[in-house]
Amino acid sequence: MSEAALTLEGWYALHDFRAMDWNAWKSLSPAERKQAEDEFLSFIQEWSDIEDKKQGSTALYSIIGQKADFVMMHLRESLEEINELETAFNKTTLAQFTIPMYSYVSVVELSNYMAQGDGDPMQNPEIIARLKPTLPKANHICFYPMNKRREGNDNWYMLSMEERRGMMRSHGMIGRQYAGKVKQIITGSVGFDDWEWGVTLFADDALQFKKLVYEMRFDEVSARFGEFGEFFVGNLLDQNKMSKMLEI
Ligand code: VOV
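If you're wondering where the values come from, they're calculated on a predicted model, not measured in any experiment. (Residues numbered from 1 in each chain as written. Predicted model: local features only at pLDDT ≥ 70, side-chain atom pairs only at ≥ 80, totals over all residues. Heavy atoms only, no water.)

Moving on: the nonpolar core. Counting 21 residues, the largest nonpolar core has Met20, Trp25, Phe40, Leu60, Phe70 and Met242 as its most contacted members. Looking at this core, the elements that each hand over two or more residues are α2 (30-52), β3 (70-76), α3 (79-90) and α8 (239-246). The leading source of residues in this core is α2, at six residues. Beyond its immediate sequence surroundings of up to four residues, Trp25 is in contact with Met20, Arg33, Ala36, Leu94, Phe97, Leu246 and Ile248. By size, the runner-up hydrophobic cluster in this structure holds 20 residues, among which are Ala13, Ile141, Ile185 and Phe232. (Core = buried A, V, L, I, M, F, W, Y, C linked by side-chain atoms within 4.5 Å. Buried < 20%, exposed > 50% of the residue type's maximum accessible area, 1.4 Å probe, protein only. Helix = DSSP H or I, 4+ residues; strand = E, 2+ residues; numbered from the N terminus. Contact = heavy atoms within 4.5 Å.)

Quick look at the structure:
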């Protein structure tokens, strides 16, 4: 058996993609829409208070194309909190006018392919900051799930630690060229959802997603072993933009 990579886990993640039922939303009176919007905005405020207290983080983005209209990405300490949050949203008036399109359950993950320094990594503030990150409020988000292939000669899980470490080093070198342009949050989902990882990227310039993902396609770990699910790309929704989106 090959040596399993060791992983460190941080906050749990839920990516909750919704479409709006615009016909039903339009059929409400302006006062009813306002009430639903205010209720949702107060939820956004609660999420932001939790973020200020470093007990979790939430990002809200509109989604371009027909896969969804918006995504709520939540990070929280436990799956119970994630579940309560999801249920609380489902009980709001606005939620009655949304259609669940896709969701993804995972946990922020770091693996030991790269050196993590001496001592207990869970006491290292830099590692904790990566495991329990405040989601950047960048202009754009890009999310997709992925696997590492397990087929014939291209079976990631049969490679030695050295081979995998070498490929992950090359992967990291490409990623480092995008420092300051793209921030990645890798969440592990083996045992939680249908793919092995969720890849969430944040950037002020959406073109950097295309450039980074394209460049990585030529790198061995992605070229030989990467299998990808659906891509979602979106724009930051602050309270004003959310109100504008809901305006009829
Ligand atoms: C934005 C840049 C960027 C940077 C700097 C970066 C660096 C790193 C490092 C150093 C490491 C290993 C240690 C750790 O931190 O876990 C990883 C790990 C990982 N990555 Fe990555 N990645 C980036 C970006 C980045 C992208 C764009 C993708 C999608 C791949 C593609 O082809 O579409 C990705 C995937 C992953 C995955 C699935 C893992 C876990 C793999 C596993 O087998 O465990 N990643 N990644």
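Back to the write-up after that little detour.
Take Arg149: it is sitting in the loop between β5 (140-148) and β6 (150-151). Owing to a relative accessible area of 18%, Arg149 belongs among the buried residues under this scheme. Within the structure, Arg149 has its side chain in polar contact with the side chain of Glu227 (distance 3.1 Å). If sequence neighbours within four positions are ignored, Arg149 has contacts with Asp154, Asn155, Trp156, Ala223, Arg224, Phe225, Gly226 and Glu227. (Polar contact = N/O pair within 3.5 Å; in protein donor to acceptor, adjacent residues only side chain to side chain.)

An α-helical turn contains 3.6 residues, so a residue and the one three or four places further along point in the same direction. Within helix α6 (residues 207-217), burial applies to Gln208, Phe209, Leu212, Val213 and Met216. Angularly, the buried residues of α6 cover 125 degrees about the axis, an arc narrow enough to put them on a single face. Looking at α6, the residues exposed on the side facing more than 90 degrees away from the buried face are Lys210 and Tyr214. Check the buried side of α6 and you find it contacts β5, α5 (161-176), β8 (182-188), β9 (197-203), α7 (220-225) and β11 (232-236). (Arc of directions from axis to C-beta.)

Before going further, it helps to examine the UniProt feature "binding site: Fe-coproporphyrin III" (unreviewed entry) in the chain. In this numbering, the UniProt entry assigns the feature "binding site: Fe-coproporphyrin III" (unreviewed entry) to Arg130, Tyr144, Pro145, Met146, Asn147, Lys148, His171, Gln184 and Ser222. Taken together, the annotated residues stretch across 93 residues and extend over separate regions, lying up to 22.6 Å apart by C-alpha. Positionally, Arg130 belongs in helix α4 (residues 125-131). Apart from the residues within four sequence positions on either side, Arg130 is in contact with Val108 and Leu110. If you trace the backbone, Tyr144 turns up in strand β5. A relative accessible area of 6% places Tyr144 in the buried class. (UniProt positions renumbered as here; feature names shortened; annotations may be inferred.)

Okay, the coordination of the iron atom of the ligand next. Each donor-metal-donor angle would ideally measure 109.5 degrees in four-coordinate tetrahedral geometry, or 90 or 180 degrees in six-coordinate octahedral geometry. The protein gives the iron atom of the ligand a lone donor atom, His171 (NE2), placed 2.1 Å from the metal. With respect to the helices and strands, His171 occurs in helix α5. (Donors = N, O, S within 2.8 Å, 3.2 Å for Na, K, Ca; no water.)

Packing of α5 against α6 leaves a shortest axis separation of 10 Å and a crossing angle of 155 degrees. In terms of their interaxial angle, α5 and α6 are classed as roughly antiparallel. The element α5 and its partner α6 pack so that their crossing is right-handed. Along its contact with α5, which presents His171, Ile174 and Gly175, the element α6 presents Leu212, Glu215 and Met216. Taken together, the residues that form the contact of α5 with α6 break down as three nonpolar, two polar and one charged. (Axes fitted to C-alpha atoms, helices over the stretch in contact; angles between N-to-C directions. Parallel < 35°, antiparallel > 145°, perpendicular 65-115°, else oblique. Left-handed = near helix turned anticlockwise from the far one by under 90°. Nonpolar A, V, L, I, M, F, W, Y, C, P; charged D, E, K, R; others polar.)

Next up on the list: the UniProt feature "active site" (unreviewed entry) in the chain. As recorded in UniProt, the feature "active site" (unreviewed entry) lies at Tyr144. Not counting the four nearest positions on each side in its chain, Tyr144 is found in contact with Trp197, Gly198, Val199, Leu201, Val213, Phe228, Glu230 and Phe231.

Another aspect to go through is the packing of α2 against α8. Between α2 and α8, whose axes approach to 11 Å, the crossing angle comes to 155 degrees. Of the possible angle classes, the one that applies to α2 and α8 is roughly antiparallel. The two elements α2 and α8 meet at a crossing, and its hand is right-handed. Along its contact with α2, which presents Glu37, Phe40, Leu41, Ile44 and Gln45, the element α8 presents Gln239, Met242, Ser243 and Leu246. Residue composition of the contact of α2 with α8, by class: five nonpolar, three polar and one charged.

The next subject is the pairing of strand β1 (residues 7-20). Of all 14 residues in β1, 11 are buried, a share of seventy percent or more. Examined bridge by bridge, β1 and strand β4 (residues 98-111) share 12 bridges and lie antiparallel to one another. By the bridge assignment, His15 is partnered in β4 with Tyr104. Relative to β3, β1 is paired through seven bridges, and the arrangement is antiparallel. Pairing of His15 across the sheet is with Met73, part of β3. (Pairing = 2+ DSSP bridges.)

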